[in-house]
Structure formats: C-alpha cells, structure tokens
Amino acid sequence: MAVEKYRERVKSEKRAAALAAAGRAFLSHGYDRTTLAHVAREAGISTGTLFKHFPTKAALFEGIMEELWEVDPKLQRPLPPAGNPTAGLTAIGHDYAGKLRQPDTGPLFRVIIAEAPRFPELGQALFLRGKAPYLDRLHAYLRSEIAAGTMDIHDVPLAARQFLGMINDLIFWPTFLAADQVVDDAEVGRVIDEAVLTLLARYGRPVKAGAARPA
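Residues numbered from 1 in each chain as written. Predicted model: local features only at pLDDT ≥ 70, side-chain atom pairs only at ≥ 80, totals over all residues. Heavy atoms only, no water.

Moving on: the overall build of the protein chain. Scanning the protein chain from terminus to terminus reveals 10 helices and zero strands. Written out in order from the N terminus, the α and β elements of the protein chain read α-α-α-α-α-α-α-α-α-α. When the 215 residues of the protein chain are sorted by exposure, 41% land in the buried category. In the protein chain, the share of contacts with a sequence separation of at least 24, taken over all contacts with a separation of at least 6, comes to 72%. Accessible surface computed for the protein chain: about 12,100 Å², of which carbon and sulfur atoms make up 55%. (Helix = DSSP H or I, 4+ residues; strand = E, 2+ residues; numbered from the N terminus. Buried < 20%, exposed > 50% of the residue type's maximum accessible area, 1.4 Å probe, protein only. Contact = heavy atoms within 4.5 Å. Areas by Shrake-Rupley, 256 points an atom, 1.4 Å probe, with all protein chains shown as cover.)

Next comes the structure, spelled out in structure tokens:
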C-alpha cells in the first residue's frame, strides 16, 4: 500500500511539473513553437513519461485548461437548496468570476485567439475543459429551480450561456482588451447582482399570493 501511494504521488508530481512547464512554454513561445521535447526537458522528466500523461500537444493544452478551470468543491461557494435562485445564481456567478480573474486566464486566452485559426483543437480545449464544468453545474442548478417551480426555462443551455455571458462580457473582456482597465471587487459584485436580476426577470416565476418567499 505504501509503495502504491508513493508511486501515485510521484506520478502526480510529474504530471504537475509537466503542466507547469507547458504553461510557461505556451505563454512564452506560443502553441506552434512549443514542442513536447522542450516541455519534458523543462519539467525534468523523460519524453516517455510525458507521453504517458499527454500523448499529444493538444492533450497537454487540454490538461492546462482543465487545471485552470478545475471545479474544486472545497473552493466553491455552497449552493442553497432549490427554491432560492437569487442566492444560488449569485454563488455560481462569483465562482465563475473568480476563475475569469485568475492571473493565467487572460494570457492563455491570447494564445488561443492567436493560434486557433491554425489549431482548432485549442478552441475545443477551451470549451471542453474550460466553460463546460461551469455550464454543467449551472445546467443542473437551473433544472433544480425549474423543478422547484421558481423558474420557467424552455432552453436551459441558452439561459446558462446568457447568464455567464453577462458576467464575462463586463468582467473579463474589458481587462483583456485594455491593459489599463480595472474591474474591482465592488464592480464584480454589482455585475453579478445585475446578471442575476436580469436572468430572473426573464425566467423567474412570480411567487403566488400568500406563498412564502424564499429566504
């Protein structure tokens, strides 16, 4: 058992080293000029070991995106039971905004935008390993509110993208496109509150007379 734990720890450390080295290489040299051999050398592991974890450069980039957008339940705001969509959507909005504001998010987006025309797998990595975990969580939450009778949504994927779009359009893209643009915590909170209000204005179901409002 001790030997197995040691092997798993070493395996995890080598994978982490490969991702860290790859992230530096992609940001410094771009996707096209980064090679797996270079990443292995910078990570201090053999190319054979790297291939076991990431057989292609696309898989390596997917691993970076997966790590960047990792959904860690311990770091997420707990969602309330269905019945209080304001609280639930606000928690999801803050989790999403936190990911958008990570230091490496903008630089990695620049790599994708610059090289996606020649390497469409980068866009796929962004969607599959990026927003997908947040979309899945939001889809499940919206369906729970629909079942609770607090929201009326016929196209859950569309509503989810509308919600996340309202957040990233005002929090991420201004700072991405203008280096001197600053979005502080107070503005982030205001943007999320307005996104929640807008979504509920479109999809929320009115509370029936005499019914208790969610706390």
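Read on for the rest.
So, about the packing of aromatic side chains. Throughout the structure, instances matching the rule amount to seven aromatic pairs. A network of ring pairs unites the aromatic residues Phe26, Tyr31, Phe61 and Phe119 as a single cluster. Across from the ring centre of tyrosine 31, 4.7 Å away, lies the NZ or CZ of lysine 57, which sits over that ring. (Phe/Tyr/Trp six-rings, centres within 6.5 Å; stacked < 30°, edge-to-face > 60°. Lys NZ or Arg CZ within 6 Å of the ring centre and 35° of its normal.)

Okay, the environment of phenylalanine 51 next. Its place among the elements puts phenylalanine 51 in helix H3 (residues 47-53). When the C-alpha atoms of phenylalanine 51 and alanine 40 are compared, they prove to be 9.1 Å apart, with 11 residues separating the residues in sequence.

With respect to the helices and strands, serine 144 occurs in helix H7 (residues 121-148). On the accessibility criterion, serine 144 (27% relative accessible area) is partly exposed. Residues serine 144 and proline 81 lie 63 residues apart in sequence; the distance between their C-alpha atoms is 8.7 Å.

Here the focus is the packing of helix H5 (residues 85-100) against helix H8 (residues 156-171). Between H5 and H8, the least distance of the axes is 10 Å, while the angle of their chain directions is 40°. Between H5 and H8, the interaxial angle falls into the category oblique. Note on packing geometry: the crossing formed by H5 with H8 is right-handed. Facing Leu89, Ile92, Gly93, Tyr96, Ala97 and Leu100 of H5, the residues of H8 in contact are Phe163, Leu164, Ile167, Asn168 and Ile171. (Axes fitted to C-alpha atoms, helices over the stretch in contact; angles between N-to-C directions. Parallel < 35°, antiparallel > 145°, perpendicular 65-115°, else oblique. Left-handed = near helix turned anticlockwise from the far one by under 90°.)

One finds Phe61, Leu89, Leu142 and Phe163 to be the most contacted residues of the largest nonpolar core, which totals 58 residues. Those elements that provide at least two residues to this core are helix H1 (2-33), helix H2 (36-43), helix H4 (57-68), H5, helix H6 (105-115), H7, H8 and helix H10 (185-203). When neighbours within four sequence positions are excluded, phenylalanine 163 is seen to be in contact with Leu89, Ile92, Gly93, Leu138, Ala195, Val196 and Leu199. (Core = buried A, V, L, I, M, F, W, Y, C linked by side-chain atoms within 4.5 Å.)

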